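Structural features, examined
Single-letter residue listing:
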Amino acid sequence: MKRGQVAAFVILALIAVAIVIQYLAFRDRTVQRDQLGQIIETATIPPQLMPIKIGVESCIKDTLEESLLLVSLQGGRFVLQEPYFSTEGIATSYGSYQRRLTLPSLEKIEEELAIALETLLPLCVDALSFPAFSLINEGINTDITINNKGINANVRYPLTITRGNTTTLLNPHYEAAIQTDFKGMYATANHLAEQQTDFIKLTPLINSQYELNLLYTKENALVYLIHSKEGEELSYTFMFAVP
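Residues numbered from 1 in each chain as written. Predicted model: local features only at pLDDT ≥ 70, side-chain atom pairs only at ≥ 80, totals over all residues. Heavy atoms only, no water.

Should the pLDDT be low somewhere, the predicted coordinates at that spot are not to be read in detail. Mean pLDDT over the protein chain works out to 81, with 77% of the residues at or above the 70 mark. Residue range residues 1-43 is modelled with pLDDT below 50. Its contacts to residues more than four positions away, or to other chains, number five contacts. (pLDDT = per-residue confidence, 0-100. Contact = heavy atoms within 4.5 Å.)

Further remarks concern the packing of aromatic side chains. Applying the stated criterion across every chain, the model contains six aromatic pairs. When the ring of Y94 is compared with that of Y97, the centres are 5.1 Å apart and the planes differ by 35°; the resulting orientation is tilted. With a relative accessible area of 13%, Y94 lands in the buried category. Within the aromatic cluster, the residues linked to one another by ring pairs are F182, Y224, Y236, F238 and F240. (Phe/Tyr/Trp six-rings, centres within 6.5 Å; stacked < 30°, edge-to-face > 60°. Buried < 20%, exposed > 50% of the residue type's maximum accessible area, 1.4 Å probe, protein only.)

Right, let's get into the nonpolar core. The biggest cluster of nonpolar side chains holds 48 residues, and the ones touching the most others in it are I52, F182 and F240. Per-element accounting of this core gives the leading share, eight residues, to helix 3 (residues 106-126). By size, the runner-up hydrophobic cluster in this structure holds eight residues, among which are F85, I90, A221 and M239. (Core = buried A, V, L, I, M, F, W, Y, C linked by side-chain atoms within 4.5 Å. Helix = DSSP H or I, 4+ residues; strand = E, 2+ residues; numbered from the N terminus.)

Structurally, the α-helix is built with 3.6 residues per turn, so residues lying three or four positions apart point the same way. Under the 1.5 Å per step criterion, the end-to-end length of helix 4 (residues 182-193) is 16 Å for twelve residues, consistent within 8% with the ideal 16 Å. Among the twelve residues that make up helix 4, nine are buried, leaving the element largely enclosed by the rest of the structure. Residues of helix 4 that are buried: F182, G184, M185, Y186, T188, A189, N190, L192 and A193. (Expected span 1.5 Å × (residues − 1).)

This part takes up the pattern of salt bridges. Inspection of every chain in the model, using the stated rule, returns seven salt bridges. For K53, the salt bridge identified is with E57, shortest N-O distance 2.5 Å. One end of the pair, K53, and the other, E57, are both in helix 2 (residues 50-73), four residues apart, so they sit about a helical turn from each other. Linking K218 and E88 is a salt bridge whose minimum nitrogen-to-oxygen distance equals 3.6 Å. Here E88 lies in the loop between strand 1 (84-87) and strand 2 (90-93) and K218 lies in the loop between strand 11 (211-216) and strand 12 (222-227), a separation of 130 residues in the sequence. Within the structure, one salt-bridge network assembled from shared partners comprises K61, E65 and E233. (Salt bridge = Lys/Arg side-chain N within 4 Å of Asp/Glu carboxyl O.)

Here it is as structure tokens:
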């Protein structure tokens, strides 16, 4: 074999080795990034960021309660949808309309609570006072569940936090809960909304565990107010109207 051919083979071999080395280095860097991502998710939060985490946790709890208050007063909706009832000082959803049940399902109310929390939470977090840090919201992901024991919120609220030349992603799993018999209140509201006859059957509610108020409006609509049980963690009212 001629010297030139040997040199060519050597060069090709070196190129092949270089490609393999680059591939292995790239693969190692990729693994390191994956491992780093896992570490960020599971590592202990730095002490200097704990006040921010605690502040966010408090905001999530407060915002969940505010969301429940608002959504309940609006008949299970965060944003009222046409047609809805409105008069002086009152605006709420119809529980039934034109003899058709329009009260949102529990699954829909879970979605409405999640939308409310995701909308209102940044306002609370923005009001927190951490002048030494710059906080950037990277998005919110909320899952709300309503069960027999109450309302649970699972929240991902990643924040990019910068102080000086140091930037950290704070992305723990937040949880908040309200112990309340919302499911029972909803069942009562749903029962009332289903009454589409001229005679409203209130007999089944005589022994109800909820306080019930009825408002007769000048628009000839009937507004139902179902109050949470006395002694619950949060006092609120589920309200809807029937034309």
